[in-house]
Amino acid sequence: MARRKKIYEGKAKTLFEGPEPGTIVQYFKDDATAFNAEKRDVIEGKGVLNNMLSEYFMTGLTNIGVPNHFIRRMNMREQLVRACEIIPLEIIVRNFAAGSISKRLGIEEGTQLPRPVIEYCYKDDALGDPLVSEEHIAAFGWATQQDMDDIVSLALRVNDFLSGVMYGVGIKLVDFKIEVGRVYDGDFQRLIVADEISPDSCRLWDVETGQKLDKDVFRRDLGSLTDAYSEVAKRLGVMPKGAVPMKPTLIN
Ligand code: TMP
Ligand code: ASP
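Residues numbered from 1 in each chain as written. Chains lettered and ligands numbered in written order. Predicted model: local features only at pLDDT ≥ 70, side-chain atom pairs only at ≥ 80, totals over all residues. Heavy atoms only, no water.

Enquirer: Tell me about the sheet that holds strand S7 (residues 78-82), and please be specific about residues and values.
Expert: The strands making up a sheet associate through hydrogen bonds between their backbones, and the pairing can be parallel or antiparallel. On the basis of which strands lie adjacent, the open sheet formed by five strands has the order S1-S2-S3-S7-S6 and antiparallel pairing. Both edges of this open sheet fall to strand S1 (6-9) and strand S6 (70-73), since each of them pairs with a single strand only. For this sheet, the mean inter-axis angle between neighbouring strands, taken without regard to orientation, is 25°. In the sheet, strand S2 (residues 13-17) pairs with strand S3 (residues 23-28) via five bridges, with the strands oriented antiparallel. Each bridged residue has a counterpart across the sheet, and for Lys13 the counterpart in S3 is Phe28. (Pairing = 2+ DSSP bridges. Helix = DSSP H or I, 4+ residues; strand = E, 2+ residues; numbered from the N terminus. Axes fitted to C-alpha atoms, helices over the stretch in contact; angles between N-to-C directions.)

This is the structure:
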């Protein structure tokens, strides 16, 4: 196979130069990290599941007109995406309190928020992705006011879509994180949803039992992460029979 150029290696994904200009191959690794990579492990099958699930969510977004970077899945671990300039923000949308907002504001986990709450973190591993305000974003030029309007609109559309899709399979979308990138179409520029949407970047709780089906299973040592992600994939009809090389108990 021809050698291809690695562009970037992150904690859970590696990016390679794509076959055509303006494209990137996004490779999903099995590596799991939490708490800014203080906790790490390799979880067999995670990359395959996240590749398939991110494809599923991004394709759904495309179908309802929410622009995103996904072009097509190439194989079990790789997808072709459109190259974009990533805005250096993690955009978090919360429907129910959990994780850092519960700790920060003393709100019991699971409490429904009065409306979706959007937060921004500055993407900088060395600083531990600190929470920032729109004031910081504007003052330091990470995004313009127009970008921020577009980011809020994208984030809320993703939230409505994902909440509905997940609720339809008995899963509550507690919160999630997206990243957004800038693309240029001739003289115009616009923002698109980038990175990934997967149980690594969402909190997903079973509606009936409250069982966690997301990366908190790894963060909090609650059991098998692949079992949790496979359950999400199975409910959504994403996991092709026999295609994922995992424990036989997971295949039915
Ligand atoms: P938090 O409660 O830890 O701030 O996380 C909020 C949401 O963002 C949760 O769904 C997990 C996701 N998230 C990421 O995708 N990447 C991260 O680095 C962090 C800290 C959270
Ligand atoms: N993704 C972050 C890390 O690797 C944090 C997290 O998801 O909890 O450390």
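Enquirer: I'd like to hear about the packing of aromatic side chains, residue by residue, with values.
Expert: Using the criterion set out here, one finds three aromatic pairs in the structure. Note on Tyr122 and Trp142: the rings are 4.0 Å apart at their centroids and 15° apart in plane angle, and the pair reads as stacked. Residue Tyr122 is found in strand S10 (residues 112-122), and its partner Trp142 is found in the loop between helix H3 (134-139) and helix H4 (145-167); the two are separated by 20 residues along the sequence. Of the two residues, Tyr122 and Trp142, both sit in the buried class. An aromatic cluster is present here, built from Tyr122, Phe140 and Trp142 joined pairwise through their rings. Over the face of the ring belonging to Phe16 we find Arg4, whose NZ or CZ atom lies 4.2 Å from the ring centre. Geometry around Phe96 places Lys172 over its ring, the cationic atom sitting 4.3 Å from the centre. (Phe/Tyr/Trp six-rings, centres within 6.5 Å; stacked < 30°, edge-to-face > 60°. Buried < 20%, exposed > 50% of the residue type's maximum accessible area, 1.4 Å probe, protein only. Lys NZ or Arg CZ within 6 Å of the ring centre and 35° of its normal.)

Enquirer: Go over the pairing of strand S4 (residues 31-34), please, and point to the residues and values.
Expert: The sheet contact formed by S4 and strand S5 (residues 39-42) spans four bridges and is antiparallel. The partner of Thr33 across the bridge, within S5, is Arg40. Here S4 folds back onto S5 in antiparallel fashion, the turn holding four residues, of which Phe35 has a positive phi close to 55°.

Enquirer: Any chance you could break down the UniProt feature "domain: SAICAR synthetase/ADE2 N-terminal" (unreviewed entry) in the chain for me, citing the residues and the numbers?
Expert: With numbering matched to this structure, UniProt assigns "domain: SAICAR synthetase/ADE2 N-terminal" (unreviewed entry) to residues 6-235. With 30% helix and 36% strand, residues 6-235 has end C-alpha atoms that lie 34 Å from one another. (UniProt positions renumbered as here; feature names shortened; annotations may be inferred.)

Enquirer: Give a detailed account of the site of ligand 2, specifying residues and quantitative values.
Expert: Around ligand 2 sit Lys11, Thr33, Ala34, Phe35, Asn36, Ala37, Lys215 and Arg219, and those are all the residues in its vicinity. Between ligand 2 and Lys11, the relevant distance is 3.3 Å, taken from an oxygen atom to a side-chain nitrogen or oxygen of the residue. Here Lys215 contributes a side-chain N or O atom positioned 2.9 Å from an oxygen atom of ligand 2. Starting from 260 Å² of accessible surface for ligand 2 in isolation, the protein chains cover 74%. Its residues assigned to classes, the shell around ligand 2 shows three nonpolar, two polar and three charged. (Near = heavy atom within 4 Å. Polar contact = N/O pair within 3.5 Å; in protein donor to acceptor, adjacent residues only side chain to side chain. Areas by Shrake-Rupley, 256 points an atom, 1.4 Å probe, with all protein chains shown as cover. Nonpolar A, V, L, I, M, F, W, Y, C, P; charged D, E, K, R; others polar.)

Enquirer: Kindly report on the site of ligand 1, identifying the contributing residues and their values.
Expert: In the neighbourhood of ligand 1, 14 residues make up the surrounding shell, with Arg94, Ser100, Asp175, Lys177 and Arg203 lying closest. Within the contact set of ligand 1, an oxygen atom lies 2.8 Å away from a side-chain nitrogen or oxygen of Arg94. Note that an oxygen atom of ligand 1 is positioned 2.5 Å from one of the side-chain N or O atoms of Asp175. Starting from 450 Å² of accessible surface for ligand 1 in isolation, the protein chains cover 78%. Those elements giving two or more residues to the shell around ligand 1 turn out to be strand S9 (89-96), helix H2 (99-105), strand S12 (171-185) and strand S14 (202-206). Here the residues of the shell around ligand 1 sort into four nonpolar, three polar and seven charged.

Enquirer: Lay out the pattern of salt bridges in plain terms, naming residues and giving numbers.
Expert: In the structure shown here, the tally under the stated rule is 30 salt bridges. Of the charged contacts in the structure, one is a salt bridge between Glu9 and Lys29, with a shortest N-O distance of 2.7 Å. Of this pair, Glu9 sits in strand S1 while Lys29 sits in the loop between S3 and S4, placing them 20 residues apart in sequence. Judged by relative accessible area, Lys29 falls into the buried class, the value being 12%. Notably, a salt bridge pairs Lys177 with Glu179, separated by 2.9 Å at the nearest N-O pair. When sorted by exposure, Lys177 lands in the same class as Glu179, which is buried. Within the structure, one salt-bridge network assembled from shared partners comprises Arg94, Arg104, Glu109, Glu119, Asp175, Arg203, Asp216, Arg219 and Arg220. (Salt bridge = Lys/Arg side-chain N within 4 Å of Asp/Glu carboxyl O.)

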